[in-house]
Amino acid sequence: MNSEVKQYLSELQHRLRRLPAEDLAEVMEYYTEYCEDASFTNRQAVEKALGSPRTLSLQILAEHSFDAKPQGHWWHPETNIKTAWLVVLALLASPVTFFIGIILLAGLIAVIAVIFSIVVAAIALIGSAILVTGAFFYVGIALLFTKLGVGLFYLGLGFAFLGLGFLIITIGTWFCLALIRLVTRGCQWLYHRFVKREGVK
Amino acid sequence: MKIPVSADLLDGLVLALLNQQDNYGYAITQAMQAAIPVSESTLYPVLRRLKKDGLVTTYDQPYQGRNRRYYQITDLGKTRLTVITEEWNHYKQQLDRIFKGGSDR
């Protein structure tokens, strides 16, 4: 095989290195065989047919991350964030879908802003909750040695506040993760709607 | 005129080609491109999905000292092809009705 074509393929393989070994082998087998059959004579010919290694690899990665359905582990937002980002890149890569990619990017930034403000509000809430709980505990312990009943009451309030705080943190976290998952689903829909159709040249 | 081809229709076209004969990636791509404007990188995801869904299988055959991977339609694939062909014919009929001026409407 032509050395320029070999170089194209090795570049493609490098860009796909994060794929599971089996999928990577299959993809490379397919495109190596394709290049052989097409008898490309130079790099330009390959890129004219398949696109740049970067474009092709993005398409492959995006396609792959959607066939691997988002099963469990949705509480690990990293995978979903990666998926969303891949869709943005794939959309931006093609002139036909570029505009949609920009819109999606703007939407994602808006979502990030929303999540960020939720986190800030949560931190403020937690801060004040800690102060209140601390105050209750302080008063409660102080009163334990003089007025036992009242002291216990305040201690109880303190624990209740603590429990409430944990509950709110849990709900807030769940909400943010659910939001991320929802956004990822939206990205997948966009992908299937705009990118998965055959690319008209 | 650019008529976009849906993913299902793409599946059907590939299945139809394979129903005529087993073939390898490059040849399938060439045959598809003879009929519709489709980019080279479109076909691999289609083939991969068809294989994953059990509609085609693959086998390797040596060719000029290297390997050629042939795709072959399965019985399940033939069933799916029939379904898609029916839907396509129905769709065609509906469109033709409008183009040819409609009869009973």
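Residues numbered from 1 in each chain as written. Chains lettered and ligands numbered in written order. Predicted model: local features only at pLDDT ≥ 70, side-chain atom pairs only at ≥ 80, totals over all residues. Heavy atoms only, no water.

A. Main features of the pattern of salt bridges. Applying the stated criterion across every chain, the model contains nine salt bridges over all chains. Residue B:Arg66 pairs with A:Glu36 through a salt bridge whose shortest N-O separation is 3.9 Å. Taken together, the positions of B:Arg66 in strand β3 (residues 66-73) and A:Glu36 in helix α2 (residues 21-38) put the pair across two chains. Classification of A:Glu36 as partly exposed rests on a relative accessible area of 29%. A salt bridge links B:Asp60 to B:Arg69, with the shortest nitrogen-to-oxygen separation between them at 2.9 Å. Residues participating in the shared-partner salt-bridge network are A:Glu36, A:Asp37, B:Arg66 and B:Arg68. (Salt bridge = Lys/Arg side-chain N within 4 Å of Asp/Glu carboxyl O. Helix = DSSP H or I, 4+ residues; strand = E, 2+ residues; numbered from the N terminus. Buried < 20%, exposed > 50% of the residue type's maximum accessible area, 1.4 Å probe, protein only.)

B. Just the UniProt feature "transmembrane region" (unreviewed entry) in chain A, in detail. Residues and elements named next belong to chain A. When the UniProt feature table is mapped to this numbering, "transmembrane region" (unreviewed entry) covers residues 84-116, 123-146 and 152-180. Within the segment residues 84-116, helix and strand shares are 88% and 0% respectively, and the terminal C-alpha atoms sit 17 Å apart. Annotated as residues 123-146, this span is 92% helix and 0% strand, and its ends, taken at the C-alpha atoms, are 35 Å apart. (UniProt positions renumbered as here; feature names shortened; annotations may be inferred.)

C. Summary view of the interface of chain B and chain A. Contact with chain B, which involves 28 residues of that partner, is made by 24 residues of chain A. When chain B packs against chain A, the two sides together hide about 2500 Å² of surface, and 50% of this comes from carbon and sulfur. Among the residues chain B hides against chain A, the three largest losses belong to B:Tyr26, B:Glu40 and B:Tyr44. Together they make up 27% of the total. Where chain B meets chain A, there are four salt bridges. Note that B:Arg66 is salt-bridged to A:Asp37, the shortest N-O span being 2.8 Å. Taken together, the links from chain B to chain A amount to five residue pairs in polar contact (both at pLDDT 80 or more). Breaking the side of chain B that touches chain A down by element, the ones donating at least two residues are α2 (25-35), α3 (43-52) and β3 of chain B. If you tally residues by element for the side of chain B that touches chain A, the top one is α3(B), at eight residues. Of the residues in the side of chain B that touches chain A, the class split is twelve nonpolar, seven polar and nine charged. (Contact = heavy atoms within 4.5 Å. Buried area = accessible area lost by both parts, 1.4 Å probe. Polar contact = N/O pair within 3.5 Å; in protein donor to acceptor, adjacent residues only side chain to side chain. Nonpolar A, V, L, I, M, F, W, Y, C, P; charged D, E, K, R; others polar.)

D. Molecular detail of the confidence of the model for chain B. Residues at a pLDDT of 70 or more form 96% of chain B, whose mean pLDDT is 91. Scored as a complex, the prediction yields pTM 0.62 and ipTM 0.88. (pLDDT = per-residue confidence, 0-100.)

E. Quick peek at the packing of helix α1 (residues 7-20) of chain B against α3(B). Residue and element names in this part refer to chain B. Direction vectors running N to C along α1 and α3 enclose 80°, while the axes themselves pass 10 Å from each other. Taken together, the axes of α1 and α3 lie roughly perpendicular to each other. Side by side, α1 and α3 meet where Ala7, Leu10, Asp11, Val14 and Leu15 of the first sit next to Leu43, Val46, Leu47, Arg49 and Leu50 of the second. Grouping the amino acids of the contact of α1 with α3 by side-chain chemistry returns eight nonpolar, no polar and two charged. (Axes fitted to C-alpha atoms, helices over the stretch in contact; angles between N-to-C directions. Parallel < 35°, antiparallel > 145°, perpendicular 65-115°, else oblique.)

F. Structural context of the confidence of the model for chain A. The predicted model of chain A averages 82 in pLDDT, with 89% of residues at 70 or higher. For chain A, helix α5 (residues 77-93) of chain A is the element with the lowest average pLDDT, namely 75, and helix α1 (residues 3-15) of chain A is the one with the highest, namely 94.

G. How the structure looks around the pairing of β3(B). Residues and elements named next belong to chain B. Most of β3 is tucked away: six of the eight residues are buried. Sheet topology note: the strand β1 (residues 23-24)/β3 ladder contains two bridges and is antiparallel. Across the sheet, Tyr24 pairs through a bridge with Tyr70, a residue of β3. Linking strand β2 (residues 56-63) to β3, which pair antiparallel, is a turn of two residues; within it Gln64 sits at a positive phi near 45°. (Pairing = 2+ DSSP bridges.)

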